[in-house]
Structure formats: C-alpha cells, structure tokens
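# Overview (structure and organization)
What follows is each chain in one-letter form.
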Amino acid sequence: MNWKRLFGGAPAPHLTPELRARIQSSFDHAAADEEHFPSTIDPRIYHVKLIREHLGSMAGKRVLDVGCGKGRFARVFREQEPAAEIWGLDISEEMLRFVPEGIRTRAGSMTDLPFEDAFFDGAYATESLEHAVEIERAVGEICRVVKPGGRIVIIDKNAEQWGKLDTPEWEKWFTRRELEKLLRRHCGDVSSRFISYWDDVEPDGLFLAWLAVR
C-alpha cells in the first residue's frame, strides 16, 4: 500500500493538461457503460437521505452536483424537489448527455468551477472528489461557489480501505481528518461520519461523509 500517496508524504500531484485529457477521455468512454456508470440510483439509499437532511429543503434554492456524471443524484433531487434549481458539473460532456431535462449542466473541472463566488445555496459531491487530482484546490472551489451559511456534503471513500477496489492511477481516497482539515479552511462547522448505502446496514468502513456549513 502506498501510504505516502494516501497521507501526504509525497509531493501533491498536479492536474496537467495531459492528465486532464486522459481523465476526460476515460469518463467519455465510460458513459457508454450503463452497468458500472448508471443513469439512475435507488432513491432510498442513505446517500440520498443524508444529502437531503444536511442541505435541508431545496425548494427555491440553487444546488450544485459536483462531478455529477450522468446526473443520477441530480435526477432524484429534481424529482423530489421540483421547485429547486439543480445544476450538474462534470468534466465529461458525454456523461452530461444523459442528464435529464430540467437540470442545468456545465462542463468543466472541479479545480476551476465555472461559476461566480457564492452562486449556490448548497453543493454536494458523491464519489467524485477522488478524481479531482488537485484535492485542496477542488475543495476550495466547492466552498468558493457556495454562499456563506450554505451547506456542503462530500461522500467518498476511506483511505484506510485503499486497495479494496480497482482504481485508476489518478484516484485518491481520503482520511476523515484530511478532508475535515481542508474544509475547515473555508467552513466554520465541519464533521464526518462512516456511512453505508442503507439505513439498516452497519458501515463497513469504505464510505465516509463529510458535512460542512460555509
């Protein structure tokens, strides 16, 4: 296990134009794989419940899905909160082609979000920050585009479980303390917890959720 990569002993990686192109190409290609990159999710999973609980009512609010892929979470929230203005951001325009009508989309990188400061009332990133490469910058960008008092949810994988799944070479998982520290640079209220896909299943340590208030 490459502990230096996981816990910061090695120099921070850079999202070079070449690497960005490879990541984009990878997800463009993956857009055709509905089995592993589905367009929909079960709205009963705990990820959905947790995001809804932390963000609160989305009615009349503008919410960003960071690294939305095909918009599987945005689709659910759009159906549950038809009065919300849901946006989806992804590096892959091929993925964005699957996002349903009613959700606004923008192609771009998490490290350089194409939005004004404080543009959103809330934001969430589900298993997407791991692909940002320049993690510190991406966290800063997510916080930048959320209004003061706005809420942020990041759901991703636990670095202590690294090696449990096959990953591309650019992917990075996080410790609880690592992301808490980055979020606290911009947010006044930050916490984290282990989560499972289902309410009635004990977390196995793979997934973590970080909750923040801007």
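To keep things clear, this report deals only with the structure shown in the data block. (Residues numbered from 1 in each chain as written. Predicted model: local features only at pLDDT ≥ 70, side-chain atom pairs only at ≥ 80, totals over all residues. Heavy atoms only, no water.)

### Observations regarding the packing of helix α3 (residues 46–55) against helix α4 (residues 72–80)
Running from N to C, α3 and α4 cross one another at 55°; their axes reach a closest spacing of 11 Å. By the criterion of interaxial angle, the relationship of α3 to α4 is oblique. Crossing of α3 against α4: the hand is right-handed. Only Phe73, Val76, Phe77 and Gln80 of α4 make contact with α3, whose side of the interface consists of His47, Val48, Ile51 and Arg52. A per-class count over the contact of α3 with α4 returns five nonpolar, two polar and one charged. (Axes fitted to C-alpha atoms, helices over the stretch in contact; angles between N-to-C directions. Helix = DSSP H or I, 4+ residues; strand = E, 2+ residues; numbered from the N terminus. Parallel < 35°, antiparallel > 145°, perpendicular 65-115°, else oblique. Left-handed = near helix turned anticlockwise from the far one by under 90°. Contact = heavy atoms within 4.5 Å. Nonpolar A, V, L, I, M, F, W, Y, C, P; charged D, E, K, R; others polar.)

### Let's talk about the packing of aromatic side chains
Inspection of the entire model under this criterion finds 11 aromatic pairs. On the basis of an interplanar angle of 80° and a centroid distance of 5.7 Å, the ring pair of Trp87 and Phe119 is categorised as edge-to-face. Residue Trp87 is located in strand β2 (residues 85–90), and its partner Phe119 is located in the loop between β3 (104–107) and β4 (120–126); the two are separated by 32 residues in the primary sequence. In this pair, the class of Trp87 matches that of Phe119, namely buried. Through a chain of ring-to-ring contacts, the aromatic side chains of Trp87, Phe115, Phe119 and Phe120 assemble into a single cluster. One cation-aromatic arrangement involves Arg62 over Phe119; the distance from NZ or CZ to the ring centre is 4.0 Å. The lysine or arginine in question, Lys70, covers the ring of Phe98, its NZ or CZ lying 4.4 Å from the ring centre. (Phe/Tyr/Trp six-rings, centres within 6.5 Å; stacked < 30°, edge-to-face > 60°. Buried < 20%, exposed > 50% of the residue type's maximum accessible area, 1.4 Å probe, protein only. Lys NZ or Arg CZ within 6 Å of the ring centre and 35° of its normal.)

### A word on the packing of helix α6 (residues 135–144) against helix α7 (residues 176–184)
Direction vectors running N to C along α6 and α7 enclose 50°, while the axes themselves pass 9 Å from each other. Overall, the two elements α6 and α7 adopt an arrangement that is oblique. In this structure, α6 crosses over α7, and the sense of that crossing is right-handed. Each of Ile135, Glu136, Val139 and Cys143 in α6 lies in contact with α7, whose residues at this interface are Leu179, Leu182 and Leu183. Here the residues of the contact of α6 with α7 are counted per class, giving six nonpolar, no polar and one charged.

### A look at the sheet that holds strand β5 (residues 146–157)
Taken in spatial order, the seven strands line up as β3-β2-β1-β4-β5-β7-β6 in an open sheet, and their pairing is mixed. Of all the strands in the sheet, just β3 and β6 (189–195) have a single pairing partner and so form its edges. Taken over all neighbouring pairs, the strand axes of this sheet differ in orientation by 15° on average, direction set aside. Relative to β5, β4 runs parallel, the two being bridged by six bridges. Counterpart to Phe120 in the pairing with β5 is Val146. Where α4 meets the sheet, it contacts β1 (62–66), β2 and β4, and its direction lies at approximately 135° from that of β4. Strands β5, β6 and β7 (207–213) of the sheet are contacted by α7, whose axis makes an angle of about 155° with β6. (Pairing = 2+ DSSP bridges.)

### Let's talk about the pairing of β2
Within β2, five of the six residues are buried, which leaves the element mostly enclosed by the surrounding structure. Here β1 pairs with β2 via five bridges, running parallel. Along β2, the bridge assignment pairs Val63 with Ile86.

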